[in-house]
Amino acid sequence: MAYVPGGNKDELKKADRQLATVIDLNKCLGCQTCSVACKNLWTKRPGTEHMRWANVTTYPGKGYPRDYEKKGGGFSNGEPQPGKIPSMIDSGDDFQFNHSEVYYEGKGQSVRLHPVSKVTGKDPDWGYNWDEDQGGGQWPNPFFFYLARMCNHCTKPACLEACPTGAIFKREKDGIVLIDQDRCKGHRHCVEACPYKAVYFNPVAEKSEKCILCFPRLDKGIANACNRQCPGRVRAFGYLDDRDSQVHKLVKKWKVALPLHPEYGTGPNVFYVPPMGARAFGADGEITDGSRIPLDVLEGLFGPDVGRVLDVLHTERENMKAGRGSELMDILISKKWTDRFGGFTNDPLTQS
Ligand code: SF4
Ligand code: SF4
Ligand code: SF4
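The paragraphs below set out a description of the structure included in this document. No experiment lies behind these values; they were computed from the predicted model shown. (Residues numbered from 1 in each chain as written. Chains lettered and ligands numbered in written order. Predicted model: local features only at pLDDT ≥ 70, side-chain atom pairs only at ≥ 80, totals over all residues. Heavy atoms only, no water.)

1. Here we look at the overall build of the protein chain
Helix and strand counts for the protein chain come out as 11 helices and 18 strands. The globule rule puts the C-alpha radius of gyration for 352 residues at 20 Å, and the 21 Å found for the protein chain is close to it. Across its three principal directions, the C-alpha atoms of the protein chain cover 65 × 60 × 45 Å. The buried share among the 352 residues of the protein chain stands at 51%. Partitioning the contacts of the protein chain with sequence separation of at least 6, the portion at a separation of at least 24 is 67%. Roughly 16,600 Å² of accessible area belongs to the protein chain as shown, and the carbon and sulfur atoms make up 52% of that amount. When the 48 positive and 44 negative side-chain charges of the protein chain are each reduced to one mean point, those points stand 3 Å apart. (Helix = DSSP H or I, 4+ residues; strand = E, 2+ residues; numbered from the N terminus. Rg over C-alpha atoms; globule rule 2.2 N^0.38 Å. Buried < 20%, exposed > 50% of the residue type's maximum accessible area, 1.4 Å probe, protein only. Contact = heavy atoms within 4.5 Å. Areas by Shrake-Rupley, 256 points an atom, 1.4 Å probe, with all protein chains shown as cover. Lys, Arg positive; Asp, Glu negative; His and termini not counted. Charge placed at Lys NZ, Arg CZ, Asp CG, Glu CD.)

2. Some details on the environment of Ala278
Along the chain, the position of Ala278 falls in the loop between strand 16 (270-273) and strand 17 (279-281). Its relative accessible area of 44% is what places Ala278 among the partly exposed residues. Each C-alpha atom of the pair Ala278 and Ser100 lies 45 Å from the other, and the pair is 178 residues apart in sequence. Setting aside chain neighbours within four positions, we find Ala278 in contact with Gly290, Ser291 and Arg292.

3. Quick look at the sheet that holds strand 14 (residues 235-239)
Judged by pairing direction, the sheet is mixed, and its 4 strands sit side by side in the order 14-1-16-15 without closing on themselves. Sheet topology places strand 14 and strand 15 (258-259) at the edges, where each strand pairs with a single neighbour. Inspection of the sheet shows strand 15 paired to strand 16 by 2 bridges, in the antiparallel sense. Along strand 16, the bridge assignment pairs Leu258 with Tyr272. (Pairing = 2+ DSSP bridges.)

4. Some words on the pattern of salt bridges
Enumeration according to the criterion identifies 21 salt bridges in this entry. Asp67 is paired through a salt bridge with Lys62; the nearest N and O atoms lie 3.8 Å apart. (Salt bridge = Lys/Arg side-chain N within 4 Å of Asp/Glu carboxyl O.)

5. Focus on the nonpolar core
Val22, Phe302 and Leu313 are the most contacted members of the largest nonpolar core, which has 87 residues in total. The element best represented in this core is helix 10 (residues 306-321), accounting for 5 residues. Apart from residues no more than four positions distant in its own chain, Val22 is found in contact with Val234, Arg235, Ala236, Val247, Leu250, Val251, Ala257, Phe271 and Val273. (Core = buried A, V, L, I, M, F, W, Y, C linked by side-chain atoms within 4.5 Å.)

6. Topic: helix 8 (residues 246-253)
Since there are 3.6 residues in each turn of an α-helix, residues three or four apart along the chain are aligned in direction. Within helix 8, burial applies to Gln246, Val247, His248, Leu250 and Val251. Where helix 8 is buried, its residues touch strand 1 (19-24), strand 14, strand 16 and helix 11 (327-333). Lys255 occupies a position one or two residues after helix 8 and carries a positive phi of about 55°.

7. As for the pairing of strand 2 (residues 55-59)
A regular strand places its side chains on the two faces of the sheet in alternate fashion. Among the 5 residues of strand 2, 5 are classified as buried, and the element is accordingly described as predominantly covered. Where burial is concerned, the two faces of strand 2 agree: the one with Asn55, Thr57 and Tyr59 and the one with Val56 and Thr58 are both buried. Relative to strand 9 (residues 145-149), strand 2 is paired through 5 bridges, and the arrangement is antiparallel. Its bridge partner being in strand 9, Tyr59 is matched across the sheet by Phe145.

8. A few points about the packing of aromatic side chains
Two descriptors summarise a pair of aromatic rings, namely the distance from one centre to the other and the angle between the planes of the rings. What the rule picks out here adds up to 11 aromatic pairs. Centre to centre, the rings of Tyr59 and Phe145 are 5.6 Å apart; their planes meet at 35°, and the pair counts as tilted. Of the two residues, Tyr59 sits in strand 2 while Phe145 sits in strand 9, which places them 86 residues apart along the sequence. For the pair formed by Tyr59 and Phe145, the shared burial category is buried. Judged by centre distance (5.9 Å) and plane angle (25°), the rings of Tyr64 and Tyr200 are stacked. (Phe/Tyr/Trp six-rings, centres within 6.5 Å; stacked < 30°, edge-to-face > 60°.)

9. Details of the site of ligand 2
Close to ligand 2 lie Cys38, Trp42, Trp53, Ala54, Met150, Cys211, Ile212, Leu213, Cys214, Asn224, Ala225 and Cys226. At the level of secondary structure, the elements contributing two or more residues to the shell around ligand 2 comprise helix 2 (33-42) and helix 7 (225-228). For the shell around ligand 2, the per-class residue count stands at 11 nonpolar, 1 polar and no charged. (Near = heavy atom within 4 Å. Nonpolar A, V, L, I, M, F, W, Y, C, P; charged D, E, K, R; others polar.)

10. Quick word on helix 10
Over its 16 residues, helix 10 runs 23 Å from end to end, which matches the ideal 22 Å to within 8%, given 1.5 Å per residue. Those residues of helix 10 that sit buried are Val306, Val309, Leu310, Val312, Leu313, Glu316 and Asn319. In the core, the buried residues of helix 10 are packed alongside strand 15, strand 16, helix 9 (295-302) and helix 11. A positive backbone phi angle near 85° is found at Gly323, which sits one or two residues after helix 10. (Expected span 1.5 Å × (residues − 1).)

Taken by themselves, the reported measurements are silent on function.
Structure representation (structure tokens):
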């Protein structure tokens with residue numbers, strides 16, 4: 001069925017194929033290039049400045065938007081759950097800076113360059129990535145890793161189910177979830193309903209917006225910006241049913257890439273290779289063979305399969321070290337960068 005604005009929900013969420021991203025948390029260095037790649041393309045317009053459709057925060061941490069894991073939405077036993085709308089500060093704020101005051105107003109050293117919350121007009125006490133590099137654990141076994149996120153372009157999108165206007169739809173040919181900006185009335189039920197809080201309100205346009213999976217690029221065979229521009233070579237992209245794609249091999253064949261918070265019930269289509277972590281020190285102060293990242297912490301994010309996945313990663317790494325080779329390690333390494341992108345290998349200079 002073609003997209004019929006406001007059509008019935010079953011039609012709106014139908015997709016023949018599904019694009020997916022795999023994010024390898026062993027490789028992510030928290031550099032935020034993905035965040036800026038997205039922002040410089042899509043969220044510099046008035047009312048979108050606070051939005052980080054691609055975002056990276058330190059885990060353990062409050063995430064983005066702040067405490068999104070406590071703001072409800074999603075499904076429980078198939079039933080939609082109520083949710084809360086994050087504030088602009090939760091959503092990372094949009095710090096303003098006093099360059100003019102510091103450089104041109106003759107105030108000498110009585111003033112300093114500092115951020116000001118766009119919301120309160122005062123010094124901020126929270127903002128995007130505020131808890132960077134804090135993490136968890138106790139010395140000498142602190143632990144953290146970087147968690148990059150975006151809209152999951154879910155198979156059962158809670159945002160779509162929640163919109164009374166029928167403005168949200170899933171692109172049939174590739175499963176991209178989009179908000180029809182002409183139709184959106186800014187009700188924000190989608191914001192409440194998305195358990196990942198991956199929909200953001202634009203207070204200028206009075207409409208909601210979200211990651212568009214860079215569809216104008218994809219339609220020209222160019223990989224999405226946050227994936228292509230990652231210097232950590234962390235990200236793989238492609239159709240889940242394309243048996244030649246890395247995403248298919250990692251999610252379906254090797255089953256080492258897991259969805260974030262599958263218990264939210266939306267069938268997310270961004271998958272994560274969980275972090276192996278550094279080895280822990282034991283109570284005697286000696287190094288052990290175990291990871292310092294507690295398994296239950298990872299299970300809280302990626303479900304009960306994490307232990308099995310970590311075993312596979314360790315085994316395959318040993319195979320590699322022993323000279324036996326490993327298809328899995330070859331994929332995770334990706335000596336040829338463009339192999340990552342499931343055929344979306346056109347140069348971004350390709351114009352429409
Ligand atoms: S992550 Fe949220 S916004 Fe994205 S498709 Fe799923 S429910 Fe909708
Ligand atoms: S896919 Fe494109 S729009 Fe979505 S988060 Fe990445 S860069 Fe932004
Ligand atoms: S660009 Fe890549 S390495 Fe950098 S934060 Fe994003 S996912 Fe991690």
